[in-house]
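Listed here are the chains, written in short residue letters.
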Amino acid sequence: MWRRVVTVLACAALAACEYPRDVEGTLDRVRGGTLRVGIAPAEPWVTLTPGREPAGVEVRLLEEFAATVDAEIEWVEGSESELIEALHGRQLDVVAAGLTRRSVWMTEAALTRPYLTTQVVIAAPDEPTADRLSDDLGDEPVAVEANSPEAAKLEMDTDARVVPVDDLATIDGPAAVPDYLLDDLGLVRTDAELDEHEHALAVSMGENAMLVALERFLLDREAHAAEILEQEGKP
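Residues numbered from 1 in each chain as written. Predicted model: local features only at pLDDT ≥ 70, side-chain atom pairs only at ≥ 80, totals over all residues. Heavy atoms only, no water.

Q: Help me out: how do you make sense of unusual backbone geometry in this one?
A: Note: most residues except glycine have negative phi, and most peptide bonds are trans. That bond from glutamate 43 to proline 44 is cis: its omega, 0°, falls within 30 degrees of zero. Within the secondary structure, proline 44 sits in the loop between strand 1 (34–39) and helix 3 (57–68). Of note in the backbone geometry, aspartate 70 takes a positive phi value of approximately 55° without being a glycine. A positive phi angle is found at asparagine 147, which is not glycine, with a value near 60°. Relative to the elements of secondary structure, asparagine 147 occurs in the loop between strand 6 (141–145) and helix 6 (149–157). Here asparagine 147 falls in the exposed class, since its relative accessible area comes to 80%. (Helix = DSSP H or I, 4+ residues; strand = E, 2+ residues; numbered from the N terminus. Buried < 20%, exposed > 50% of the residue type's maximum accessible area, 1.4 Å probe, protein only.)

What follows is the structure, encoded as structure tokens:
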């Protein structure tokens, strides 16, 4: 009986060592092979310029991840919906499209834990104005990128007067901007936070070993991702 118990326990331990596993063996196929990455334009996370190699925060992170598994990258461009459909059908291994943990695609793809968190904040051109706006936005005109989710949130969630602009670099007063643009725009952050984004990459449902490998790679790289964002994120 003792021998049989030991055998059962040993088998259970060996089985546990095999987890997590991929339904389709994605990670095993990618190692020393090709990582198929779907990309959609979403600056500064993914920047696509005709005639040039893809760039952006997520592009650089995936290039570094591919190197850790000795894989070449095949970039596949498309719309966000097209890429998620291809990922769901196992035609892609990863999708990079500036996705966040609140993505509408959460039921279609497995999202990594956040590799970086950013905020959209109300900012001012100087400290006195920032202090005043921290207490009360009132009917203050606040510039924001036209036709953006931030513009909608500013309209719905604050008493500020929304001033849509096509180019954030042209603003000369209070504005709703991503926190990583504050220094470049010469703005001072107020205490008013408009939104928060937890940035993530997507892999196919069921490819758990691939998901874990990618998450482990990203785990200790938040500071590195922030450095890349500082280089790539320009107004």
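Q: Got a minute to help me understand the pattern of salt bridges in this structure?
A: Note that side chains of opposite charge can pair when their charged atoms are close. This structure, assessed with the given rule, holds 10 salt bridges. One salt-bridge network, held together by shared partners, links Arg29, Arg36 and Asp93. (Salt bridge = Lys/Arg side-chain N within 4 Å of Asp/Glu carboxyl O.)

Q: Explain the packing of aromatic side chains here, please?
A: Centre-to-centre distance and the angle between the planes together describe a pair of aromatic rings. A full pass over the atoms with the stated rule returns 2 aromatic pairs. Between tryptophan 45 and tyrosine 180, the aromatic rings sit 6.0 Å apart at their centres with planes inclined by 80°, giving edge-to-face as the arrangement. With tryptophan 45 in the loop between strand 1 and helix 3 and tyrosine 180 in the loop between strand 8 (175–178) and helix 7 (182–185), the pair connects residues that are 135 residues apart, well separated along the chain. (Phe/Tyr/Trp six-rings, centres within 6.5 Å; stacked < 30°, edge-to-face > 60°.)

Q: Hey, could you run me through the confidence of the model for the protein in this one?
A: Detailed reading of the predicted coordinates is not advisable wherever pLDDT is low. Summing up the model confidence of the protein, the mean pLDDT is 90 and the portion of residues at 70 or higher is 91%. Low pLDDT, under 50, characterises residues 1–18; the stretch is placed with 0 contacts to residues that sit more than four places away or in other chains. (pLDDT = per-residue confidence, 0-100. Contact = heavy atoms within 4.5 Å.)

Q: Quick question: what am I supposed to make of the pairing of strand 6 here?
A: By the bridge criterion, 5 bridges tie strand 6 to strand 7 (residues 161–165) in an arrangement that is parallel. Paired with valine 142 across the bridge in strand 7 is valine 162. Assessed by its sense of winding, the connection that carries the chain from strand 6 through helix 6 to strand 7 is right-handed. (Pairing = 2+ DSSP bridges. Right-handed = clockwise from strand over helix to strand, strands pointing away.)

Q: I'm lost on the nonpolar core in this one. Help?
A: Ranked by internal contacts, the top residues of the largest apolar core, which has 32 residues, are Leu35, Phe65, Val94, Tyr115, Leu201 and Leu214. For this core, the element with the highest residue contribution is helix 8 (residues 208–219), accounting for 7 residues. Leucine 35 has contacts with Val30, Phe65, Ala66, Ala71, Glu72, Ile73, Glu74, Asp93, Val94 and Met210, leaving out every residue within four places of it along the chain. (Core = buried A, V, L, I, M, F, W, Y, C linked by side-chain atoms within 4.5 Å.)

Q: Just to check I follow, could you spell out the sheet that holds strand 10 (residues 202–203) for this structure?
A: Within a beta sheet, neighbouring strands are joined by backbone hydrogen bonds and run either parallel or antiparallel to one another. Across the sheet, 5 strands lie side by side as 2-1-3-10-4; this open sheet has mixed pairing. Looking at strand neighbours, the two that pair on one side only are strand 2 (72–77) and strand 4 (110–111), the edges of this open sheet. One ladder, built from 2 bridges, connects strand 4 with strand 10; its direction is antiparallel. Among the inter-strand pairings, alanine 110 is bridged to a residue of strand 10, identified as valine 203. Sheet strands in contact with helix 3 are strand 1, strand 2 and strand 3 (94–96), and its direction is about 150° off that of strand 2. (Axes fitted to C-alpha atoms, helices over the stretch in contact; angles between N-to-C directions.)

Q: Which parts of the structure should I look at to understand the packing of helix 3 against helix 9 (residues 222–232)?
A: Any two packed helices are characterised by how steeply their axes cross, that is the angle between the axes, and by the distance between the axes. It is the contact of helix 3 with helix 9, at a shortest axis distance of 9 Å, that shows an interaxial angle of 135°. Relative to helix 9, the element helix 3 is oriented oblique. Seen from above, helix 3 lies across helix 9 with right-handed handedness. Between helix 3, through Val57, Arg60, Leu61 and Glu64, and helix 9, the contact on the second element is made entirely by His224, Ala225, Ile228, Leu229, Gln231 and Glu232. Among the residues making up the contact of helix 3 with helix 9, the classes are represented as 5 nonpolar, 2 polar and 3 charged. (Parallel < 35°, antiparallel > 145°, perpendicular 65-115°, else oblique. Left-handed = near helix turned anticlockwise from the far one by under 90°. Nonpolar A, V, L, I, M, F, W, Y, C, P; charged D, E, K, R; others polar.)

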